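# Structural overview
In case you want the letters, here they are:
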Amino acid sequence: PAPEPAVPQSMSPDEDVQRLLIQFRDEAGESLGSPFDVPVNITPDKLQLVCNALLQKDEPVPLAFFVHDAEIVASLEKTLAGQTVETEKVLDIIYQPQAVFRVRAVTRCTSSLEGHTEAVISVAFSPTGKYLASGSGDTTVRFWDLSTETPQFTAKGHRHWVLSIAWSPDGKKLASGCKNSQIFLWDPATGNQIGRVLTGHSKWITCLCWEPLHINPECRYLASASKDGSIRIWDTLMGRCDKILTSHTQSVTCVKWGGDGLLYSSSQDRTIKVWRSQDGVLCRTLQGHAHWVNTMALSTDYVLRTGAFEPAEATINPQDVSGSLAELKDKAQQRYDQVRGQEPERLVSGSDDFTLFLWRPAEDKKPLERMTGHQALINQVLFSPDTRIIASASFDKSIKLWDGRTGKYLTSLRGHVSAVYQIAWSADSRLLVSGSSDSTLKVWDAKMKKLAIDLPGHADEVYATDWSPDGQRVASGGKDKCLRM
């Protein structure tokens with residue numbers, strides 16, 4: 001037999017393969033290297049080798065490549081098949097760094113945690129995934145031991161349904177708000193209450209949000225939104241109300257504390273208001289929705305939630321992040337700056353009018369994009385941790401994915417046979433989990449845009465879902481009073 005040729009077939013100069021001039025660019029449009037010519041049938045793996053060689057990084061990062069907004073999956077030729085290309089011109093190929101770690105899809109229910117005596121309304125992992133808390137209609141907040149998957153503490157104090165819970169970004173405190181308009185603070189290590197009850201709202205609490213770690217590493221201030229139409233900022237050290245922000249004319253549905261010193265609130269009065277968190281001054285009002293605004297998400301939500309914790313460095317047994325306040329602040333600031341990039345954070349809002357709006361609230365009161373397609377009200381909306389995709393969950397049984405930068409519609413994920421209540425992203429932005437009133441959880445592959453795994457197990461509607469920031473577990477809770485992992 002003849003000796004194997006030393007040059008692999010695809011690299012050998014084939015006469016009949018067409019060649020193209022390409023130019024790598026990053027997402028901001030900056031060019032990398034100079035244009036060079038490649039065979040039109042080049043694969044993403046080859047592009048990856050070339051691009052990483054040009055980037056000259058010690059550790060090559062996984063990359064995805066796009067041409068005219070279409071991802072190159074099999075080969076450049078196949079992606080260009082449906083497009084009109086001028087072969088004389090240089091073709092821009094956009095490269096996108098992907099997460100360096102991979103989150104495994106959750107495949108089975110490892111445990112069913114009983115304890116709550118009424119429906120589970122909210123579940124939330126702490127920023128490092130060390131603790132899990134749940135709030136319920138039985139007026140308690142429960143903390144669960146994740147290593148053994150058993151109940152650890154039951155925090156009693158509320159006298160009505162616990163409607164919302166929020167972890168401080170340093171993972172040392174959990175705030176919970178109830179239908180009785182009271183806010184309690186809890187220590188996850190002991191299950192005991194911290195400080196005094198925060199009272200002042202005249203109607204129930206709809207949403208809680210802490211000040212970001214890179215602004216204040218002490219995690220001292222907490223914002224709360226209420227049915228009474230006001231937003232309050234609490235000094236949790238002193239146990240008193242620091243500011244009251246009033247301007248909304250109806251119930252405030254959601255509050256977000258941004259990373260650039262702004263607070264955002266959405267309301268049933270159809271508006272979103274932007275406040276300066278330092279002095280509580282109203283900066284601008286965002287109008288456009290024709291009905292109640294139910295939900296909001298910031299492009300920086302994930303990095304604000306995890307603070308100084310880097311999911312890529314997660315250990316099997318999650319630990320709190322150690323270091324001085326200054327170190328934590330620096331680490332959180334670096335992570336925030338990296339995710340935020342050059343542009344200010346983006347905000348997406350979802351409403352009872354079936355639409356979503358994408359905004360740049362720091363600079364403009366006009367929306368970037370009105371996103372239509374849902375056929376029923378929108379329950380939740382979330383940016384992927386890498387900010388590139390927006391996912392929205394709706395009563396129309398679908399989850400829709402949109403481009404995180406432009407708001408352009410990408411695809412619909414169908415499979416639930418009833419309303420979708422809550423969604424959560426995996427830390428690497430590759431997977432999405434959804435909980436529905438059809439009693440199932442479903443895990444979706446965001447790249448392939450299809451169902452990855454179906455997780456039945458609940459006996460009734462699934463109200464709450466969360467994916468731990470270290471990517472190890474998904475927790476869900478609902479009407480059957482059980483918490484499932």
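To start, this report covers the structure provided alongside it. Treat the numbers as computed from the prediction; the structure is a model and nothing was measured.

Before going further, it helps to spend a moment on the overall build of the protein chain. Secondary structure summary: the protein chain contains four helices and 37 strands in total. A compact globule built from 485 residues should have a C-alpha radius of gyration of about 23 Å, and the protein chain, at 24 Å, falls within 12% of that. In terms of overall dimensions, the protein chain has a C-alpha envelope of 80 × 50 × 50 Å along the principal axes. With 485 residues in all, the protein chain has 54% of them scored as buried. In the protein chain, 52% of the contacts between residues at least 6 apart in sequence involve partners at least 24 apart. As displayed, the protein chain has an accessible area near 21,400 Å², and 49% of this comes from carbon and sulfur atoms.

Take the sheet that holds strand E31 (residues 420-425) next. If you walk across this open sheet you meet the four strands as E31-E32-E33-E34, and the pairing is antiparallel. Edge positions in the open sheet fall to E31 and strand E34 (450-455), since each of these has one partner strand only. Adjacent strand axes in the sheet meet at a mean angle of 25° when their direction is disregarded. Bridge analysis of strand E33 (residues 441-445) against E34 gives five bridges, and the strand direction is antiparallel. By the bridge assignment, Lys442 is partnered in E34 with Asp454.

Here we come to the side chain of Arg346. With respect to the secondary-structure elements, Arg346 resides in the loop between helix H4 (325-340) and strand E24 (347-351). Buried charged residue Arg346 carries no salt bridge. Nearest counter-charge: Glu343, at 4.1 Å. Within polar-contact distance, the side chain of Arg346 engages the backbone oxygen of Gly404 at 2.8 Å. The residues touching Arg346, leaving out its near neighbours within four places in the chain, are Ala297, Leu298, Ser299, Leu358, Trp359, Pro361, Phe383, Thr387, Gly404 and Arg405.

Next up on the list: helix H1 (residues 44-55). With twelve residues, H1 should reach 16 Å at 1.5 Å per residue; the first-to-last C-alpha distance of 16 Å fits that figure. Regarding H1, the residues found buried are Pro44, Leu47, Cys51 and Asn52. Down the axis of H1, the smallest arc covering the buried residues is 125°, so these residues share one side. Looking at H1, the residues exposed on the side facing more than 90 degrees away from the buried face are Asp45, Leu49 and Ala53. Those residues of H1 hidden inside the fold are in contact with strand E1 (19-25), strand E2 (31-39), strand E3 (63-67) and strand E5 (91-97). Looking at the residues trailing H1, positive phi occurs at Gln56, about 55°.

This part covers the pattern of salt bridges. Between side chains of opposite charge, a pair can form as their charged atoms come close. Applying the stated rule across the entire model yields 21 salt bridges. Two residues, Asp92 and Arg25, come together in a salt bridge whose shortest N-O distance is 3.0 Å. With a gap of 67 residues between them, Asp92 in strand E5 and Arg25 in strand E1 connect regions that are remote in the sequence. With relative accessibility at 33%, the residue Asp92 sits in the partly exposed group.

Right, let's get into the state of the cysteines. Applying the stated criterion across every chain yields a total of zero disulfides. Between Cys109, a free cysteine, and Cys482, which holds the nearest cysteine sulfur, the sulfur-to-sulfur gap is 8.8 Å. Accessibility expressed as a relative area gives 39% for Cys109, which makes it partly exposed.

Glancing now at the pairing of strand E15 (residues 205-210). Where burial is concerned, most of E15 is hidden: five out of the six residues are buried. Of the pairings in the sheet, the one linking E15 to strand E16 (residues 221-226) comprises five bridges and is antiparallel in character. Following the sheet pairing, Ile205 is matched in E16 by Ser226.

We now examine the nonpolar core. By size, the foremost hydrophobic cluster in this structure holds 28 residues, and its most contacted members are Val255, Trp257, Leu263, Tyr264, Ile272 and Leu347. With residues up to four places along the chain from it excluded, the contact list for Leu263 reads Ala223, Ile233, Leu245, Val255, Lys256, Trp257, Lys273, Val274, Trp275 and Ser277. Residues Cys51, Val67, Ile72 and Tyr95 belong to the second largest nonpolar core, which totals 19 residues.

Looking now at the sheet that holds strand E22 (residues 282-286). Strand order in this open sheet of four strands is E19-E20-E21-E22, and the pairing throughout is antiparallel. Of all the strands in the sheet, the pair left with one neighbour each is strand E19 (252-257) and E22. Averaged over all pairs of adjacent strands, the angle between strand axes in this sheet comes to 20°, irrespective of strand direction.

What counts and how
- Residues numbered from 1 in each chain as written.
- Predicted model: local features only at pLDDT ≥ 70, side-chain atom pairs only at ≥ 80, totals over all residues.
- Heavy atoms only, no water.
- Helix = DSSP H or I, 4+ residues; strand = E, 2+ residues; numbered from the N terminus.
- Rg over C-alpha atoms; globule rule 2.2 N^0.38 Å.
- Buried < 20%, exposed > 50% of the residue type's maximum accessible area, 1.4 Å probe, protein only.
- Contact = heavy atoms within 4.5 Å.
- Areas by Shrake-Rupley, 256 points an atom, 1.4 Å probe, with all protein chains shown as cover.
- Pairing = 2+ DSSP bridges.
- Axes fitted to C-alpha atoms, helices over the stretch in contact; angles between N-to-C directions.
- Lys, Arg positive; Asp, Glu negative; His and termini not counted.
- Salt bridge = Lys/Arg side-chain N within 4 Å of Asp/Glu carboxyl O.
- Polar contact = N/O pair within 3.5 Å; in protein donor to acceptor, adjacent residues only side chain to side chain.
- Expected span 1.5 Å × (residues − 1).
- Arc of directions from axis to C-beta.
- Disulfide = S-S within 2.5 Å.
- Core = buried A, V, L, I, M, F, W, Y, C linked by side-chain atoms within 4.5 Å.

These figures capture arrangement, not role.
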